[in-house]
Amino acid sequence: MQINLDDVKKGAILINANYLHLLMCRAEDTKPAVDRQVLLQMLCDNLQLKGADRMKKKSVFMGMIAISALVWMTGCAGRAVESSDIETEQEEKDGSGETETDVISIDGDKLKVMASFYPMYDFAQKIGGDRVEVTNMVPAGTEPHDWEPAASDIKKLEEADIFIYNGAGMEHWAADVLTSLDNKNLIAVEASTGIDLLEGSEHEEEENGEKDEHAEEITYDPHVWLAPENAKKEMENIKDALVSADPDHQEYYEKNYQTYAKKLDDLDAEYQEKLSDVKTRDVIAAHQAFGYLCQAYGLNQSGIEGLSADSEPDAARMKEIVDFAKKHQVKTIFFEELVSPKISETIAKEIGAQTKMLNPLEGLSDEELKAGADYFSVMESNLETLVEALNQ
C-alpha cells in the first residue's frame, strides 16, 4: 500500500498515525464512528501545516486514516506503526514543474537472522540487504573457535527466523544448541554444504600433551570461506535460506547474490593472476586456516598451530617448522590479529625472517568494523600481503 504526501514529514506521520490509531480505538468503545471534522482539525493543528489549504488537509487526513486502519484491523492491542516498517523514497523535481513527493510504503518486518561468526554475518548482510536484521553472535575481536553461546544468545535464537552457521566443525556447539531449541520454525542453514572439504587432523594436542577439549570434533578444515569460490557457494546457500523464509522477495535476494557472486569471481581471477608467478609458494601461517586458499592458488601451507587457533605447538612441532623454513628459505612468518603473535615472532627470530599479518577473517576488530572493512577489503589486503611476502 502506498500513500503520496506533499507536506508531511516522516516523523510527523509516525507520531500522528499512532495518535490517530489510539483515538480511533477509544472511539470504538463510545460511539460507532469518530467525528471526522474533529479529528481532521486536531491532526492539522498538531502538524502545524501553515498556509495549507483544505484539500491538502484532507489528503493528509486520508493518509493518516489509511495507516491507522491497517493497524486497527488487526486489533487495537496490536502494535502501532514503527519506523522500521516504513520505507521512504523521494522523487526529485525533474524541471517539469512537478512537486517533490514522499512515497510511504508499509512493509512486513525484517527477517531476524542469527549468524554464528563474522563471515556468516557479512555474507548474510550482503545478500539480505535491508530485508534482514542480522546479529553476529561472536563479539568483535573475539576468536571464535572455542567461543560458546550464552543464555542471551539462545534466547535470540528462539526468536530468530534464520540461523546461519559455517559447519564443517567450526561451531562445535551448533548441533547441541539446535536440538535444544523450542523454535521449530527456525531455518538453520549450514553454509558450507556442497563444498568439498579438506580433511583435518583427528586431534590436536596442547603443549603439555593434553588433548584440546574441542579439537577431536574437528575432522575437516572448516575455513572454507577463504577461497572466493567457496565463499560464493556459502552465499548461495544463505540466499536459498532467505528465499525459503521470505519467498515474496526472492527476486531481491537473487539480485543481491548475483552482484556479490560476480565480485567473488573477480576476486578469484585477481588472486589467480597475481599469485601465478610469485618466487616462492610456501606459506607458514599461525594456524592451519589457509588450506582452501592455498589449494585454490597452488600454494603450500604449513601451519605452526593446528586447525584451532588457540592450540599450541609442542617443541617437536616448533623444530619441524624451523627446519622447514630454513630448508625452503622462507622469508616471512604470518601471524593473525586475534591470536598472540609470540610464537610466530619466535620462529621468525630463529630463522632471520620478518612477520606479517594474514587475516583468516574469523572476526574483525571494532576498529576495522568502524573503518568499513568487510570480506572483500580484507581479502584484497591479504592478497597484497601474500604477493609482497612471496616475492622476497
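Residues numbered from 1 in each chain as written. Predicted model: local features only at pLDDT ≥ 70, side-chain atom pairs only at ≥ 80, totals over all residues. Heavy atoms only, no water.

(A) Spatial organisation of the environment of Gly167. Its location among the elements puts Gly167 in the loop between β6 (162–165) and α6 (174–180). Gly167 sits in the buried class, given a relative accessible area of 3%. For the pair formed by Gly167 and Ala191, sequence separation is 24 residues and the distance between their alpha carbons is 6.7 Å. Ignoring anything within four residues of it in the chain, the contact list for Gly167 reads Glu190, Ser192 and Pro222. (Helix = DSSP H or I, 4+ residues; strand = E, 2+ residues; numbered from the N terminus. Buried < 20%, exposed > 50% of the residue type's maximum accessible area, 1.4 Å probe, protein only. Contact = heavy atoms within 4.5 Å.)

(B) Layout of unusual backbone geometry. Although it is not a glycine, Ala168 adopts a positive phi angle of roughly 60°. Inspection of the secondary structure assignment puts Ala168 in the loop between β6 and α6. Given a relative accessible area of 12%, Ala168 falls into the buried group.

(C) Local environment of the confidence of the model for the protein. Summarising the model, the protein shows a mean pLDDT of 77, and 67% of its residues fall at 70 or more. Predicted confidence is poor over residues 214–218, with pLDDT under 50, and the contacts of this stretch with residues over four places away or in other chains come to 15 contacts. (pLDDT = per-residue confidence, 0-100.)

(D) Structural detail: the sheet that holds strand β7 (residues 187–190). Overall, parallel pairing links the four strands, which are arranged β5-β4-β6-β7 in an open sheet. If you trace the sheet from one side to the other, it starts and ends with β5 (132–136) and β7, each paired once. If you compare each strand with its neighbour and ignore which way they point, the axes differ by 20° on average. Sheet topology places β6 next to β7; four bridges connect them, and they run parallel. When the bridges of β7 are listed, Ile164 appears paired with Val189. Contacting β4 (111–115), β5 and β6, helix α5 (residues 151–159) runs over the sheet at an angle of about 140° to β4. (Pairing = 2+ DSSP bridges. Axes fitted to C-alpha atoms, helices over the stretch in contact; angles between N-to-C directions.)

(E) Quick look at the pairing of strand β9 (residues 300–305). With five bridges connecting them, strand β8 (residues 282–287) and β9 associate as parallel partners. When the bridges of β9 are listed, His287 appears paired with Glu305. A crossover links β8 with its parallel partner β9, the connecting element being helix α9 (residues 291–296), and its sense is right-handed. (Right-handed = clockwise from strand over helix to strand, strands pointing away.)

(F) Summary view of the pattern of salt bridges. Considering all chains together, one arrives at 14 salt bridges under this definition. Lys262 is paired through a salt bridge with Asp266; the nearest N and O atoms lie 2.9 Å apart. In this pair, Lys262 and Asp266 are both assigned in helix α8 (residues 250–275), four residues apart and thus about one turn of the helix distant. For Asp266, a relative accessible area of 40% translates into the label partly exposed. The salt bridge partner of Asp323 is Lys319, with a shortest N-O separation of 2.9 Å. Taken together, the positions of Asp323 and Lys319, both in helix α10 (residues 315–327) and four residues apart, correspond to about one turn of that helix. In this structure Asp323 comes out as partly exposed when scored by relative accessible area, which is 38%. Taken together, the shared-partner salt bridges in this structure form one network comprising Asp122, Lys126 and Asp374. (Salt bridge = Lys/Arg side-chain N within 4 Å of Asp/Glu carboxyl O.)

(G) Examining the environment of Lys262 more closely. With a relative accessible area of 48%, Lys262 lands in the partly exposed category. Note: C-alpha distance between Lys262 and Lys232 (30 residues apart in sequence) is 9.0 Å.

(H) Molecular detail of α8. With 26 residues, α8 ought to run about 38 Å at 1.5 Å a step, and its terminal C-alpha atoms sit 37 Å apart, in line with that. Taken residue by residue, α8 has Tyr253, Asn256, Tyr257, Ala261, Leu264, Leu267, Asp268, Glu270, Tyr271 and Leu275 as its buried positions. Check the buried side of α8 and you find it contacts β4, α4 (118–128), α7 (228–245), α9 and α13 (375–390). (Expected span 1.5 Å × (residues − 1).)

(I) Focus on the side chain of Lys356. By the element assignment, Lys356 lies in strand β11 (residues 354–357). A distance of 3.3 Å separates a polar atom in the side chain of Lys356 from a polar atom in the side chain of Glu388. The residues contacting Lys356, other than those within four sequence positions of it, are Thr332, Ile333, Phe334, Phe335, Thr385, Glu388 and Ala389. (Polar contact = N/O pair within 3.5 Å; in protein donor to acceptor, adjacent residues only side chain to side chain.)

(J) Examining the packing of aromatic side chains more closely. A full pass over the atoms with the stated rule returns ten aromatic pairs. Geometrically, the ring pair formed by Phe117 and Trp225 is edge-to-face, given 5.1 Å between the ring centres and 70° between the ring planes. Linking Phe117 in the loop between β4 and α4 with Trp225 in the loop between β7 and α7, this pair joins segments that are 108 residues apart in sequence. Residues Tyr375 and Phe376 carry aromatic rings whose centres are separated by 5.5 Å and whose planes lie at 90° to one another, so their mutual orientation is edge-to-face. Taken together, the ring pairs in this structure connect Phe123, Tyr260, Tyr375 and Phe376 into an aromatic cluster. In this structure, Lys239 is placed above the aromatic ring of Tyr257, and the distance from its NZ or CZ to the ring centre is 5.3 Å. Sitting over the face of the ring of Phe376, Lys263 holds its NZ or CZ atom 4.4 Å from the ring centroid. (Phe/Tyr/Trp six-rings, centres within 6.5 Å; stacked < 30°, edge-to-face > 60°. Lys NZ or Arg CZ within 6 Å of the ring centre and 35° of its normal.)

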